[in-house]
Amino acid sequence: MNQHYINLVQRLEEIAHLNGVMSNLGWDQEVMMPAGASESRAKQIAALAGVIHERATDPALGDCLKELQETSKAGAWGAIEQCNIQEALRNYEMEIRIPKRLVQEIAELSSRGQVIWVAARQHNKFSDFAPVLKRFLKLKIEWAQCVLPNLQPYDANIDLFERGTTMAMITPVFERLKQELIPLINAIQSHSYHPDTTFLRGTFATEKQEFLARKLSRDIGFDFDRGRMDVSVHPFCGGSHPTDVRITTRYSESNFIESLYSIIHETGHALYEQGRPHQLGDLPVTESSTMGIHESQSLFWERMIAQSKSFCSHYFKDFRETFPDNLRAVSLEEFYRAINNCTPGFIRVEADEVTYPLHVILRYEIERGLFDDTLSVDDLPGIWNESMQKYLGITPPTDTLGVLQDSHWSGGAFGYFPSYTLGALYACQFYQKLVQEQPDTEQNIALGNFKPIKQWLNEKIHCHGKLYSPQELIKNVTGAHLNPDYFITYLKTKYSEIYQLS
Ligand code: ZN
């Protein structure tokens, strides 16, 4: 084996191991750490971040990559080695192209912005947050020009989360979703029938919820020998390695559906992490693909599987036995309709699968407008409310319930939102393909036999790591490019049946 490549592997694996330590420090902070340790932990994290940055920008790594780039051009490598070299090169160049001043300014504004956002949200005062947003916009445009000068600045920001995807690809897809979903939501809203959801509220003991959460997660394939489940304020999937995947949830005594579906969501992320091809080393090729593909894996289980009638029919008996006082008088059909009820609301994270994309599209259009300078930060509250009225027929009474609700902009994460909806579209397209290849999928779900489904995802998606771009992956798996029609047809069929629309 080429000595430069051996050298590269050693360096990349060391960086991966340090990142694993960082990730477990972050998990500990969210799950276990005593509150009094926050300052010392911040120093530990900063020190480790410094070490990782040093390793990642080491000129010796640059020299090694330069040598490998030459042999790369000659086509000397297989696909896996080629992927490792290309990814390492991209990361290295991204790190060294950004001036240190800009790195520091972005990091400083991220932590300060978070504090200002929390206060502005609390006082319902957008004007306090506006200066942060303006400054971030400038910094993120400068960042884009340094790192990906060939892309438009907003495309460069999207690229960070959804490699290879641009406004030119997203806009027509989102236009099509608006065209189809707004009338569907209107039809649902104006219909006289609405599912009864009152029984989903009540008192549900936390221990019983946890028992169910662990059972469902294990049933669908989470390997507890290589993972953990704990409690945190915001549910997430973290961990340091495919052999150490950590998911969290939170329990509300008054609502068991929320924690149950959030654990199914995080289990979807976790199955992807546990299914990564770590036998190839702790190297870039074994990492997961984009945010959108990751989200497709969580939404695949949360929505395509767990919100289906087959899934409800398998588990409803368990739910009823666990919470007899709440569900005794409820039928399976009533339960299925209640968990799929579609109601426009102000808050994105609480939205159902039909209205959710419109929350994302609204944010995408705002970000695009800010980057191409057709919108100004000061006008955002008004534009936000107008779009909410146009897309969902409701106007938030306060900015806290509107433009100030998400934390993303307080950390400068522009270009992140589209991934949520791209994930939903990928998930639906993957599911259609699974059913085509395994026509007994619904029966399997109804029997609680999730093995063939997990295996399909392992073979088609997880085991490829970062080898393919999301565009290649969706084409390889489904035989087609990203196509919103799968999602639109799925929603129309499902919700016409639930709401008895003609
Ligand atoms: Zn997720």
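The structure presented is a predicted model; accordingly, all values stated were derived computationally and were not measured.

**Student:** Please explain the pattern of salt bridges as it appears in this structure.
**Tutor:** Pairing of side chains with opposite charge becomes possible as their charged atoms draw close. Enumeration over the complete set of coordinates arrives at 33 salt bridges. With a shortest N-O distance of 3.8 Å, Glu287 and Lys466 are connected by a salt bridge. Taken together, the residues Glu287 in the loop between α10 (256–274) and α11 (291–305) and Lys466 in the loop between α19 (451–460) and α20 (470–478) connect sequence positions 179 residues apart. With a relative accessible area of 18%, Lys466 lands in the buried category. Residues Glu333 and Arg337 are paired through a salt bridge, measuring 2.8 Å at the closest nitrogen-oxygen approach.

**Student:** How should the coordination of the zinc ion be read in this particular structure?
**Tutor:** Under perfect tetrahedral coordination by four donors, a metal shows angles of 109.5 degrees; under perfect octahedral coordination by six donors, it shows angles of 90 or 180 degrees. Listed as protein donors to the zinc ion are His265 (NE2), His269 (NE2) and Glu295 (OE); their distances from the metal cover 2.1 to 2.3 Å. Each donor residue of the zinc ion lies on one chain, and together they are spaced H-x3-H-x25-E. Placement of both His265 and His269 in helix α10 is noted, with a separation of four residues, approximately one turn of the helix.

**Student:** Any chance you could explain the sheet that holds strand β2 (residues 237–241) here in plain terms?
**Tutor:** Picture the strands of a sheet paired through backbone hydrogen bonds; they go either parallel or antiparallel. Pairing is mixed in the open sheet, where three strands are placed in the order β1-β3-β2. Taken across any chain shown, the strands that pair with only one partner, and hence form the sheet edges, are β1 (227–231) and β2. When strand polarity is set aside, the average angle formed by the axes of neighbouring strands in this sheet is 20°. Where β1 lies against strand β3 (residues 244–249), five bridges are found, and the strand directions are parallel. Residue Met229 lies in a different strand from β3, and its bridge partner there is Ile247.

**Student:** Looking at this structure, how should I read the packing of α10 against α11?
**Tutor:** Any two packed helices are characterised by the angle at which their axes cross and by the distance between the axes. Interhelical geometry of α10 versus α11 gives an angle of 130° and a closest axis separation of 7 Å. The angle between the axes of α10 and α11 places the two elements in the oblique class. Of the two elements, α10 crosses α11, and the hand of that crossing is right-handed. For the pair α10 and α11, the contacting residues are Tyr261, Ile264, His265, Gly268, His269, Leu271, Tyr272 and Glu273 in the first and Ile293, His294, Glu295, Gln297, Ser298, Leu299, Trp301 and Glu302 in the second. Of the residues contributing to the contact of α10 with α11, the split by class is seven nonpolar, six polar and three charged.

**Student:** Looking at this model, I keep getting lost on the packing of helix α17 (residues 418–437) against α19. Mind explaining?
**Tutor:** At a minimum axis distance of 11 Å, the contact between α17 and α19 shows a crossing angle of 115°. Between α17 and α19, the angle falls in the class roughly perpendicular. Handedness of the crossing formed by α17 with α19: right-handed. Taken together, the residues of α19 that come into contact with α17 (itself represented by Phe430, Lys433, Leu434 and Glu437) are Ile453, Trp456 and Lys460. Looking at the contact of α17 with α19 residue by residue, the class counts come to four nonpolar, no polar and three charged.

Conventions adopted
Residues numbered from 1 in each chain as written. Predicted model: local features only at pLDDT ≥ 70, side-chain atom pairs only at ≥ 80, totals over all residues. Heavy atoms only, no water. Salt bridge = Lys/Arg side-chain N within 4 Å of Asp/Glu carboxyl O. Helix = DSSP H or I, 4+ residues; strand = E, 2+ residues; numbered from the N terminus. Buried < 20%, exposed > 50% of the residue type's maximum accessible area, 1.4 Å probe, protein only. Donors = N, O, S within 2.8 Å, 3.2 Å for Na, K, Ca; no water. Pairing = 2+ DSSP bridges. Axes fitted to C-alpha atoms, helices over the stretch in contact; angles between N-to-C directions. Parallel < 35°, antiparallel > 145°, perpendicular 65-115°, else oblique. Left-handed = near helix turned anticlockwise from the far one by under 90°. Contact = heavy atoms within 4.5 Å. Nonpolar A, V, L, I, M, F, W, Y, C, P; charged D, E, K, R; others polar.

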